[in-house]
Amino acid sequence: MSVNALLRCTIRLHRKHVTTHLVHQRTLSGAEAVNALRPFYLAVHPDFFGQYPRERDVNENSLKRLNGYLENLQKPGSHSVQPMKLTFYVRDTKESSDEQPDPLTSGFRSVSFTLHTNDVLSTVMNVLTSCCLPVDHMKALKASTSKDTSKSPLEAQVPFYRPIKWDKSYYTFSGFRDPEQELQQAKRVEPTLSLWLRNNEPEATKKHSASLPRREELKRLQQELCHKFNLADIRWQRNWGVAHRCCQLQSLVRLSQQNPEALIHLQGHTVVFADQSGMNASGHVMLGTMDVHHQWTKLLEQLPSYRSLHHQTDWLKERISLLLGGTQVVHMERLGPVQPITEHYSSLRSFHQSLMSQRLHLHPRSLQGLTMLLENDRSRPTLHEMGHFIIPTNCDPPQLQTFLQNHALEARQRIQRKNQLQAEEEAVVKLCLQRLSLRSLTKEPSVSSSQMILCCRRLVEQHSPLMQGLLICVSHFYSVMQDGDLCIPWDWKS
């Protein structure tokens, strides 16, 4: 028997053994689920994937969806939830020696699994065993939860939350590494910006010079395709290198030469090279970078149907806005998996039917200028710090009306503050480009406007001559990219 087969067999037997001790346990509270999932959080926490943006984004989004799944299971009267497929990049958290390995270079593996459980306990077990993480601590959890059966139902319904800081005694007892301690250790060895630039500016300049022919080719191909097929724009879902982007555009050029009729359907669309083919919620055509021409051609032939579906989503958004006092349903292209147009339409249709089932009393323009996102994984409405509402698709209409009316003023204030920050960010970025003679200055989506403003102000104050002519991306870590772009943390040390 192979090692992998033996490991799978051992996990199945171990899971069966532990589960037999827990079958009489009815459910877990939110706090107990957090305790049970601590090894999992330590293995997938996005903070440990700073140098791997794609993996960090996937874990961030999957954690959010998992938390929503667990929240829905704990809602009163909840009997079942929709199956959910999740993907995580799992770090190797095992100690192989007394030395502390570098948290930024530890290995990780990809794990995908589908949740179809209807209680918190089974879900926790499913997550741990799918990621090949220990479940021994679940035995002790049975004893502790049995003592809590005398608690009132209100006390038992502890909201599920994503832990950020954990008790130090847990790491002493379990032998796992403390993530907070590891991050502090990584920061202590972080160099100053001036030192890092002196050590890495020559390499960045060399890589940028080598990439110039590819950059010109990329620009030429992009302009040629947009002009020939009347495309609105060409974008990329991931931050792929210039050579990779050129290959994708060349592949599209070859398809246009082999089957020119197929690309006629792309007229007026924005093309996004993404992880999978289809149309996203914004109406952009996604071409999967791993797909072959046959799959692209099949998608392009289906574009008339996709366009019809996109028109229907626009109509639903207009109807919802009329019912909610002018509040607009928007879709933001955020981190994580792209939302397909079919899923977006389904959410809008379900939400619209829910609103139509109960008459709301909102003035047609009382909430004009406000925006909202629909999310299937949410259990209650919230107001984002940027001023938009985040609303569960299955939200109770009267509860939604009360929430929108009570938070409308605060939402407008946050929108005003967001607009002020964005204007201030644009001004300070422009000043930074001029004063430091940078080729470009961008930021990662995870860097907020406040962080970008602070970073740029400090860069202008320091006015390092080493930055002249560089391509800078403000991020959370230092890195020299393959085409000569330099990533620097927004809170760099001086």
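Residues numbered from 1 in each chain as written. Predicted model: local features only at pLDDT ≥ 70, side-chain atom pairs only at ≥ 80, totals over all residues. Heavy atoms only, no water.

Where an unreviewed UniProt entry is consulted, the protein appears under the name T cell activation inhibitor, mitochondrial, with the organism given as Acanthochromis polyacanthus.

Peer 1: What exactly am I supposed to notice about the overall build of the protein here?
Peer 2: Helix and strand counts for the protein stand at 16 helices and 14 strands. By the burial criterion, 44% of the 494 residues in the protein qualify as buried. Counting only contacts in the protein whose residues sit at least 6 apart along the sequence, the fraction spanning at least 24 positions is 70%. (Helix = DSSP H or I, 4+ residues; strand = E, 2+ residues; numbered from the N terminus. Buried < 20%, exposed > 50% of the residue type's maximum accessible area, 1.4 Å probe, protein only. Contact = heavy atoms within 4.5 Å.)

Peer 1: Which parts of the structure should I look at to understand the pattern of salt bridges?
Peer 2: Note on pairing: side chains with opposite charge can pair once their charged atoms come close. Following the criterion strictly, the structure yields eleven salt bridges and no others. Its salt-bridge partner being E424, residue R457 comes within 2.1 Å of it at the nearest N-O pair. Of the two residues, R457 sits in helix α16 (residues 449-462) while E424 sits in helix α15 (residues 397-436), which places them 33 residues apart along the sequence. On the accessibility criterion, R457 (43% relative accessible area) is partly exposed. (Salt bridge = Lys/Arg side-chain N within 4 Å of Asp/Glu carboxyl O.)

Peer 1: What is the right way to read the pairing of strand β6 (residues 285-288) from this model?
Peer 2: Residues in a regular strand point their side chains to alternate faces of the sheet. Of the two faces of β6, both are covered, the one formed by V285 and L287 as well as the one formed by M286 and G288. Both strand β4 (residues 270-274) and β6 contribute to a ladder of four bridges, which runs parallel. In the strand pairing of β6, A274 is matched with G288. Examined bridge by bridge, strand β5 (residues 278-279) and β6 share two bridges and lie antiparallel to one another. (Pairing = 2+ DSSP bridges.)

Peer 1: Got a minute to help me understand the environment of T192 in this structure?
Peer 2: Tracing the backbone through its elements, the reader meets T192 in the loop between α9 (179-188) and α10 (193-229). On the basis of relative accessible area, T192 is assigned to the partly exposed category, the value being 28%. Between the C-alpha atom of T192 and that of K493, which follows or precedes it by 301 residues, the distance is 4.7 Å. For T192, the contacting residues outside a window of four places in its chain are Y478, K493 and S494. Within polar-contact distance, the side chain of T192 engages the backbone nitrogen of L195 at 3.3 Å. (Polar contact = N/O pair within 3.5 Å; in protein donor to acceptor, adjacent residues only side chain to side chain.)

Peer 1: I'm lost on the packing of helix α4 (residues 53-73) against helix α5 (residues 120-130) in this one. Help?
Peer 2: Angle between the axes and distance between the axes: these two values describe a pair of packed helices. Orientation of α4 relative to α5, taken along the N-to-C sense of each, is 155 degrees, at an axis distance of 10 Å. For the element pair α4 / α5, the angle class is roughly antiparallel. Facing L66, Y69, L70 and L73 of α4, the residues of α5 in contact are V120, T123 and V127. For the contact of α4 with α5, the per-class residue count stands at six nonpolar, one polar and no charged. (Axes fitted to C-alpha atoms, helices over the stretch in contact; angles between N-to-C directions. Parallel < 35°, antiparallel > 145°, perpendicular 65-115°, else oblique. Nonpolar A, V, L, I, M, F, W, Y, C, P; charged D, E, K, R; others polar.)

Peer 1: Help me out: how do you make sense of the confidence of the model for the protein in this one?
Peer 2: Detailed conclusions should not be drawn from predicted coordinates in areas where pLDDT is low. For the protein, the average pLDDT comes to 80, and 78% of its residues sit at 70 or higher. Counted against residues more than four places away or in other chains, residues 95-106, with its pLDDT under 50, gives 14 contacts. Here residues 148-164 scores under 50 on pLDDT; set against residues more than four positions off or in separate chains, the count is 26 contacts. (pLDDT = per-residue confidence, 0-100.)

Peer 1: Help me out: how do you make sense of the nonpolar core in this one?
Peer 2: Within soluble globular proteins, side chains that are nonpolar tend to cluster in buried spots. The biggest cluster of nonpolar side chains holds 53 residues, and the ones touching the most others in it are F273, L324, F351 and F389. Filtering out sequence-adjacent residues up to four positions away, F273 remains in contact with I234, R235, W236, Q237, W240, Q248, L249, L252, L287, T289 and W296. If you look at the next biggest cluster of nonpolar residues, it comprises 30 residues, including L63, L66, L70 and F113. (Core = buried A, V, L, I, M, F, W, Y, C linked by side-chain atoms within 4.5 Å.)

Peer 1: What is the right way to look at the sheet that holds strand β14 (residues 486-489) in this model?
Peer 2: Taken together, the four strands give an open sheet; going across it, the order is β11-β12-β14-β13, and neighbouring strands pair in mixed fashion. At either margin of the open sheet sits one strand with a lone partner, and together these are β11 (440-443) and β13 (479-480). Sheet topology places strand β12 (residues 471-475) next to β14; four bridges connect them, and they run parallel. Across the sheet, I472 pairs through a bridge with L486, a residue of β14. Contacts between α16 and the sheet are confined to β11, β12 and β14, with β11 contributing the most and set at about 150 degrees to the helix.

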